[in-house]
Structures are given as C-alpha cells and as structure tokens.
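Understanding the architecture of this molecule
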Amino acid sequence: MEIGDDGRSVARYVGVDLREVGDWEAGEVIGEATSPLHEHLRAPGGGIRTGALLTMCDNVGGFCAGLAALPEGWVVSTNLSLTLAPRRVRGPMRLRSTVLRAGKAAIVTDVRVTDSGADDAIVADAVLTSAVLIPEGGPPHWARPAHMQAPPPTGALAPLVEWLGIRDVPGEPAGVVELDITDAVRNPWGIMHGGVTASLVDVAAERAGAAHLGLPVESADVALHFLAPSRVGPVRATATVMGERGDGVVVLVEVRDTGRDRVAARAVVTARPAA
Amino acid sequence: MVLDASYPPAQHMLRDLALTVEHHEDGTSVGRLPVADALLDGHGRVRAGILATLVDAIGGGLAAYAAAPGWIATADLDLQLSGAPTEVAAIDAVGRVLRAGRSTVVLAVDLFAGPAPLGLATMTFAVLPRRASNPVMPADRATGPQSFISGRASGFSGPALDAFGVRTVDAAGGHVELEPHPYVENSLGAVQGGVVATVVERAAEVALSHAAGRPLQPVGVQLTYLALAREGPIRSSVEVLGIARPAIDGLGNEPRWGSARVTLVDEGANRRTTIGRVVATRPIKRSVQERSVQERSVKEPHGDR
C-alpha cells in the first residue's frame, strides 16, 4: 500500500494522532498522542520496534518543539535520547510531550510513552533537542490548538525494515546496513526523516549485538546525535560492539550518507537480549 | 595552560581528582584520571558520575576551542559504560569534536581502563555570546603534558561523594541533596556539570537498589542540562521506570537491571535544572570483566586508538 510522498509518509506509517492540549494562548505547549501499535510496527519478539518508538518520539517531540518555535521559526531535530522500561508493550500507546526548555537557538522537549493496554504503565522516556530555524517561505501554518492526524492505513503495511528498504551490505560484517533515500523516507524539508535514521540505527545495532552474543537482541537505550542531513544516499549504518555489561552490549553506530561521503549521525545503543 | 588564575580555586574538586587534560594540535584532547579509593562505589568500580566529570572536563575544553570566540554551556551528556574493570592506575580518555556549528558543538569522548575500552560518551554544548567574565582560550593549542587542572595525586581524604557534600535523604524516593559551595562550582558559580552527573547517578543508584531489593550499579547515564544550579539546595527525585527480572522459569527472580528518570531541582531558585535517565545493573561479575578485557585486548590493542 502506498501512503503518499508529501514528506509525511513516515508520520503516517507510524500512525500517531497528536493533539495539542496545553493552554496555547498562554504560551504553553503540551502534546498528547495515541498510537494503536499496528502490526507492522511490532518487533520480532512481539513488542514494538525501538526504531518505530524513536520515530514516534521524534514526531511528537519535534512537533511540540515546532509549535514552541512559532510564529517565526520551526525546528529540526539535533539529538534524541530514549530509555526503555523493562516491559513488553501491548498497546495502544499514549505519548505525552512537554517543553522542558525553550531558547532562541534550541528547544528541548520530553516524550513520555505509556501503555494504555497495561494500566498506562511507563514504556519509555525520551528527550529530544531541536534547533530553531527560519524556513524559507516561513514556518508551516497550524490552526491552534493543533491537531496532527494520521489517517489509519487502509491495508496491511510491510514491517518497518522492509517498508524502509533496509538491507544488509554484501561482504560487510553483521551490523552494516543501508537504505536508499526514496521520497517515502524524506521529511517535509526534503531530507531523510530523523525517525528513519533512528530506525537504521536500531537495525544496525540489533544485527551487531545479535552476532556478538549469538542470540536475538533488541535495541533499548539510545542516544542519537544528528550531525548532518542525509540528502543523497544510500545511507549506511555501521554498528560496532564496544563492550558487554550486565544488561547487554554497548554498540556504537555511525551513519554515513555515502552519496555525500559525510557522517550524518552517531548513536550509542544498548542492545539487550530479547525477552 | 592556565586559563584563569582564579579557577579552579585552591580547594576544589577538580584539583582533588588530580585530572590532567592535554589539548593537542590535531584537534583531540586526552585526559587522565588517577584511580583512587575515594572514587569507587561499594563494588570497587569508579563511579559513573566521576567518569562523567572526566568527560565533562575534556569536553568543556574541546568545545571552548571549537566555539571561540563564543563561549559554551553544557546541553547534554550521554555516557554508556562497558563491563571492563576499573582496577587500573588511571582512566584515560580521548575526545574529539564531531560537529562544530554556529549554535552547537557535538563531541565524543572514549574512555579506557588500561587497554580495555571502558565507555563511550557524547556531549552537546550550546554556543553562547561571549561575556567579559568568560575565560579566554589561548590562540595556540597547548601540546604535551600541560593541563589547566594541575594535580599530582588524588587529594581526597574520604569518599568523593562526602567531599562533594552529596547527602542521601530518602533512598526509596531517590531524594539526594547537595548544597552548592565553591568546592563543587564551575567558573560560572554554578554546580559543576560532573558533580551534577554524580548527584543524578547517586540518586538513581539508591532508588533503583531500594526498588530491586539488592544493590544495582549505574552503568549508563543520559543527562539533559536545563538550567544552572546555583542557589541550592539541589534536590533530586526519582521515578523508577522498571526493574527487569528473568522471564524464564527456573532462573529465579533476582533483578538484573533497572532504569530510572531523575529530576534535579534548585530549591532556592525554584526551578528544574537537570533531567537524567540512568540504567543500573547487577554489579558485574569478575568473569565478565575479564572476558571483556581479553576480547578488547585482542581486537583493539592499546595504542591503536
């Protein structure tokens, strides 16, 4: 199923429905979102893929940061960190984002993810830092209070790895994966969506961690820094296991836009044995 | 290289840590932290918060060069530790700038315990307009064994936590307290970033260990600095995100790891200063530590970094 190529395909794929609930007339920005946890977002072990969760947090936290940058500016993600709670998600999920700090150059938002299917137990806690920019032609217009709706998919979508076109790189060790920059993975500004970078990091870390430990693992805690936009592609992620510890392995992931020969992102991921 | 004769003062935690930091012409910075008993947790490992102080010291110097003539403020710090043992004479660190933009500087710091990789850190600094009170970085980077934090040996007479003044009020709630004083302050008169990390780490350690019913050891710290902590007291609160226990029957119910969100508030200023997320695991068994060292020694010989 095609879900459009207007720069919002990724948002529709992860399927969050976001409403502004704060006192926006007083300058308060709070966003609350829901996601039904579609089948195509599930991890092989049954929970949600960490890449999908990171994408949702990037969407929700970034949208709230953008609202906080209005009326002159909008934002671009600069770094996203996430800590997972040790529990399997049933869904649907609820995401709530608040502004922790709003400066002239950067806005920091947090995103708290809870599981409506498990008495709103905490699933993950994320913080997104966004840089404020002044887009050519002005920032996007949103009627306030804002509502960013994801139409429900009309058919089955491919799982995240397939939908994004993530593939192993022949001749490279486990943990080296890449994808092409198609219109579906671009954001409204024409560069690769931050959630897609996060998903690439997730898959690379999982492959490297599984090869190192010899058993299935899941990406858990992630600290992802966006260093440069990916515009050309293919975009390659190279994951290297740096050491073991009590909860899994620590993995360094470098993301490179091979078409520009530039490092696009760096992430440090903890990959834990899948429950 | 003395940036400012008045900082750090004669009695200061950076001097007692005996840190040395060298800034090199190739853009890297190398740091060394002598390991002393004062820096260890109850399981014989150097505290994650202390290691974050080493990272912060290196990162601050690197970022100051990269941001010149502007000045800098720490925005975030992520530190993830492996299971390598810290029973070495010193922890070494190598830092480099990943990106230097108009508004932010991003850098990486790799930690080593002898030949073994010990941890990976990533930091972001916000670039600020220069104030008259900010130190001036020399035009030429120093090379060789020079440091703005001079020290010959660890100056602690007891645990660093006690010297910093970190006091546990309530373990169950992760309520830890610190009163700002010159010994732990940075050049802006606020609590130094590494000390903030140590408070966050300690708060999570006591709360997670209480929730787990057994000691858990912080191995990962994600920090977001929101405001300077200068008035005091600085107080923490902790939300335990969860404690992981084996999902397989027959392996018992012993907790394996836990994660927590920590909030620091400057009570005097009535504002939130820091958000932290901490992961803590069972204290690492010796066999895992040795295995990690052996693997790294083979794959990444000392000197290749």
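Note that this is a predicted model, so its numbers are computed, not measured.

Along chain A, the regular secondary structure elements total four helices and 13 strands. Radius of gyration (C-alpha) of chain A: 18 Å, near the 19 Å computed for a compact globule of 275 residues. Principal axes of the C-alpha set define a box for chain A whose edges measure 55 × 45 × 40 Å. A burial count over chain A gives 53% of its 275 residues as buried. Put simply, of all contacts in chain A between residues at least 6 apart along the chain, 70% involve residues at least 24 apart.

Let's shift gears to the overall build of chain B. Within chain B, the regular secondary structure consists of five helices and 12 strands. A separation threshold of at least 6 residues defines the contact pool for chain B, and within that pool the share at least 24 residues apart is 74%.

The next point concerns the interface of chain B and chain A. Each side of the interface is counted separately: chain B has 42 residues, and chain A has 34 residues. Of the residues belonging to the side of chain B that touches chain A, the class tally is 20 nonpolar, 14 polar and eight charged.

Before going further, it helps to examine the pairing of strand β9 (residues 176-179) of chain A. Looking along a regular strand, one sees the side chains alternate between the two faces of the sheet. All names here are of chain A. Summarising the sheet, strand β8 (residues 167-168) and β9 pair through two bridges and their orientation is antiparallel. Looking at the pairing, R167 lines up with E178 of β9. Examined bridge by bridge, β9 and strand β11 (residues 235-245) share four bridges and lie antiparallel to one another. Considered in β11, the bridge of V176 is made with T238.

Turning our attention to unusual backbone geometry. Along the chain, L70 of chain A connects to P71 of chain A via a cis peptide bond; the corresponding omega equals 15 degrees. The topology assignment puts P71 of chain A in the loop between α2 (50-69) and β3 (74-84). For the bond running from G232 of chain B to P233 of chain B, omega is -5 degrees, close enough to zero to count as cis. In this structure, P233 of chain B sits in the loop between β9 (217-225) and β10 (234-244). Phi at A18 of chain B is positive, roughly 60 degrees, even though this residue is not glycine. Structurally, A18 of chain B is set in the loop between α1 (13-17) and β1 (20-23).

Another point: helix α4 (residues 193-212) of chain B. In this model, α4 of chain B (20 residues) spans 28 Å end to end at C-alpha, consistent with the 28 Å of a helix rising 1.5 Å per residue. G213 of chain B lies just past α4 of chain B and shows a positive phi near 80 degrees.

Below, the discussion takes up the environment of G220 of chain B. Of note, G220 of chain B is situated in strand β9. Residue G220 of chain B is classed as buried on the basis of its C-beta count, with 28 C-beta atoms lying within 10 Å. Sequence-wise, G220 of chain B and A126 of chain B are 94 residues apart; in three dimensions their C-alpha atoms are separated by 23 Å. With sequence-adjacent residues up to four places away left out, G220 of chain B is seen in contact with D221 and T270 of chain A together with Q80, L81, V278 and V279 of chain B.

Rules behind the numbers
Residues numbered from 1 in each chain as written. Chains lettered and ligands numbered in written order. Predicted model: local features only at pLDDT ≥ 70, side-chain atom pairs only at ≥ 80, totals over all residues. Helix = DSSP H or I, 4+ residues; strand = E, 2+ residues; numbered from the N terminus. Rg over C-alpha atoms; globule rule 2.2 N^0.38 Å. Buried ≥ 20, exposed ≤ 12 C-beta atoms within 10 Å, placed from the backbone. Contact = placed C-beta atoms within 7 Å. Nonpolar A, V, L, I, M, F, W, Y, C, P; charged D, E, K, R; others polar. Pairing = 2+ DSSP bridges. Expected span 1.5 Å × (residues − 1).

By themselves, these figures tell us nothing about what the structure is for.
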